[in-house]
Amino acid sequence: MDLIEVMKRFPDQDACILHLENVRWNGEAECPHCGSKDVYKRIHETETGRIGRWNCQECKATFKVTAGTVFHGTKIALQKWFLAISLMLNAKKSLSSHQLARDLKLNQKTAWSMMHKIRAEMATKGNVLLEGIIEADETYIGGKPRKRNKKEDREPIKRGRGTNKDAIIGLVQRGGKVVAKLTDNLTGRAILDFIKKHVKMNESELMTDEFRSYQRVGKEMKHRVINHQEQYVDGDVHTNTIEGFWSLLKRAWYGQHHHYKTAYTPLYVAEACYKYNYRDNDNVFDKFISESMILT
Ligand SMILES: [Zn+2]
């Protein structure tokens, strides 16, 4: 959904609140503290900005539809949140907090904090299960750029050692979803655990390069290896899909976020995965809003 649509559908705070209430409660509001449905909405107190507040008859608490969600306790207009979500989802590369701050007339720190909350929400949707042809690979981002030298290229098992970059491991189902995470452990055991968690191993075939850690996985599922010293594609044996995802992630990273601390890397990875996984979903904005109202 683009900005014009967001503004049309949600012209003011009331419209946003009403939408969130419909999505969260579907007409039957519930106290988030005690679960009682014996609740009523207080009349608008727009002068104080305290609209959308509810009272619980049971436990006497007051609450809002945003309680416990990504919008919890915010003082920013919900329309700005909705616009921020839309802008982030539509940004092909990624969006800087400076850009968002300019677009929505926020200060940069506020924009930055909103974006991280939105990314954290995206990160909760990373528990995907893949099947079919799966490509696995790792990449490195952050830290100081470091060129791989020829010697390292000849010795792929040394990959990752001696680098001060963050290692990311990823799995992608061809024509499907991706899952990726920051890791400091690229041993065969750790990679196997990651694959077990996210892949239906009996129904899948794994494609990797010749990195030694994947040999461990090869004992437990169908596994084909492309030897990158010789060629990059051998029929359907290649890792081009996951490499395409890495280039998206890196463009976002080096275009916008490279000067931030690597502590936030998992959130940027989560954003890239989320956008990749819902790239063909025209209603990803509504999906994001609805899912952010489901509290587990
Ligand atoms: Zn209650």
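Our structure's up above, just so we're on the same page.
Here is what the cut-offs are and how they apply
Residues numbered from 1 in each chain as written. Predicted model: local features only at pLDDT ≥ 70, side-chain atom pairs only at ≥ 80, totals over all residues. Helix = DSSP H or I, 4+ residues; strand = E, 2+ residues; numbered from the N terminus. Buried ≥ 20, exposed ≤ 12 C-beta atoms within 10 Å, placed from the backbone. Pairing = 2+ DSSP bridges. Axes fitted to C-alpha atoms, helices over the stretch in contact; angles between N-to-C directions. Contact = placed C-beta atoms within 7 Å.

Details of unusual backbone geometry
Negative phi characterises most residues that are not glycine, and trans characterises most peptide bonds.
Stage number 1. Its identity as a non-glycine residue notwithstanding, Asn-26 has a phi of 50°, on the positive side.
Stage number 2. Structurally, Asn-26 can be placed in the loop between helix 2 (13-25) and strand 1 (39-41).
Stage number 3. Given 8 C-beta atoms within 10 Å, Asn-26 falls into the exposed group.
Stage number 4. The backbone phi angle of Lys-105 is positive, close to 50°, even though this residue is not glycine.
Stage number 5. With respect to the secondary-structure elements, Lys-105 resides in the loop between helix 4 (97-104) and helix 5 (108-123).
Stage number 6. A residue is classified by how many C-beta atoms lie within 10 Å of it, and Lys-105, with 8 of them, is exposed.

Some details on the sheet that holds strand 7 (residues 205-208)
Stage number 1. Across the sheet, which stays open at both edges, the five strands sit in the order 6-5-4-7-8 with mixed pairing between neighbours. Whereas interior strands pair on both sides, the edge strands pair on one side only; in this sheet they are strand 6 (178-183) and strand 8 (222-225). Averaged over all adjacent pairs, the angle separating strand axes in this sheet is 25°, with direction ignored.
Stage number 2. Where strand 5 (residues 166-173) lies against strand 6, six bridges are found, and the strand directions are antiparallel. When the sheet's bridge partners are listed, Val-172 is paired in strand 6 with Val-178.
Stage number 3. Where helix 7 (residues 188-198) meets the sheet, its contacts fall on strand 4 (133-141), strand 5 and strand 6, and the angle it forms with strand 5 comes to roughly 40°.

Functional significance is not addressed by these values, which are geometric in nature.
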